[in-house]
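So the chains spell out like this:
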Amino acid sequence: QVQLVESGGGLVQAGGSLRLSCAASGRTLSRYAMGWFRQAPGKEREYVAVIDWTGDRRYYAESVKGRFTISRDDAKNTGNLQMNSLKAEDTAVYYCAASATDLGGSLRPNEYAYWGQGTQVTVSS
């Protein structure tokens, strides 16, 4: 079992930056692919960025490409999402997730067995 806890969310003005962190416990993250997903009110959960278990491959949703950067630090058992040039449409609850079944990094939420509780990101325009 892996327990995930996100932090770093908050209120920021459009154009600003936030860095989300995902701290894991229970097991080492080095055996898992990691993903960041978000869910806005009234919308389905969507993928934002994923990173494979080696850290060599990263995938981004078109809406965040060039603005967000996903990373992982297996020595610290953490994952991060650096978010720059934030827009009002980035407002959502952000979740980190870990998958042991698709180590390449799936874009589908149902491939991830472990989820954090979420952290709210609000971008004011």
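Residues numbered from 1 in each chain as written. Predicted model: local features only at pLDDT ≥ 70, side-chain atom pairs only at ≥ 80, totals over all residues. Heavy atoms only, no water.

Participant: Whenever I open this one, the nonpolar core confuses me. Can you help?
Facilitator: Most often, soluble globular proteins have nonpolar side chains that are buried together. Ranked by size, the top nonpolar core spans 34 residues in total, and within it L4, W36, V48, F68, L81, M83 and Y94 carry the most contacts. For V48, the residues in contact, after removing those within four places along its chain, are W36, F37, R38, Y59, Y60, A61, V64, F68, L81 and Y94. (Core = buried A, V, L, I, M, F, W, Y, C linked by side-chain atoms within 4.5 Å. Buried < 20%, exposed > 50% of the residue type's maximum accessible area, 1.4 Å probe, protein only. Contact = heavy atoms within 4.5 Å.)

Participant: Sorry if this is basic, but what is going on with the sheet that holds strand β7 (residues 68-73) here?
Facilitator: Ordered by their spatial adjacency, four strands build an open sheet running β1-β3-β8-β7, and the pairing between neighbours is antiparallel. Pairing within the sheet leaves two strands with one partner each, and these edge strands are β1 (3-7) and β7. The sheet shows a mean angle of 15° between the axes of neighbouring strands, direction not considered. The pairing of strand β3 (residues 18-25) with strand β8 (residues 78-83) spans six bridges and is classified as antiparallel. When the sheet's bridge partners are listed, C22 is paired in β8 with G79. (Pairing = 2+ DSSP bridges. Helix = DSSP H or I, 4+ residues; strand = E, 2+ residues; numbered from the N terminus. Axes fitted to C-alpha atoms, helices over the stretch in contact; angles between N-to-C directions.)

Participant: Even after reading the chapter, I still don't get unusual backbone geometry, so can you show me in this structure?
Facilitator: Trans peptide bonds make up most of the peptide bonds, and negative phi angles are found at most residues other than glycine. One non-glycine residue, N77, adopts positive backbone phi at about 60°. With respect to the secondary-structure elements, N77 resides in the loop between β7 and β8. Positive phi, normally seen in glycine, also occurs at S85, with a value near 50°. Using a relative accessible area of 41% as the deciding quantity, one classes S85 as partly exposed.

Participant: Where do I start with the state of the cysteines in this structure?
Facilitator: Each disulfide consists of one covalent bond between the sulfur atoms belonging to two cysteines. Inspection of every chain in the model, using the stated rule, returns one disulfide. Paired through a disulfide, C22 and C96 show a sulfur-sulfur distance of 2.0 Å. What sets the handedness of the C22 and C96 disulfide is the S-S torsion sign, and at about 60° it is right-handed. Taken together, the positions of C22 in strand β3 and C96 in strand β9 (residues 92-99) put the pair 74 residues apart, joining distant regions of the chain. Assessed through its relative accessible area of 0%, C96 is described here as buried. (Disulfide = S-S within 2.5 Å.)

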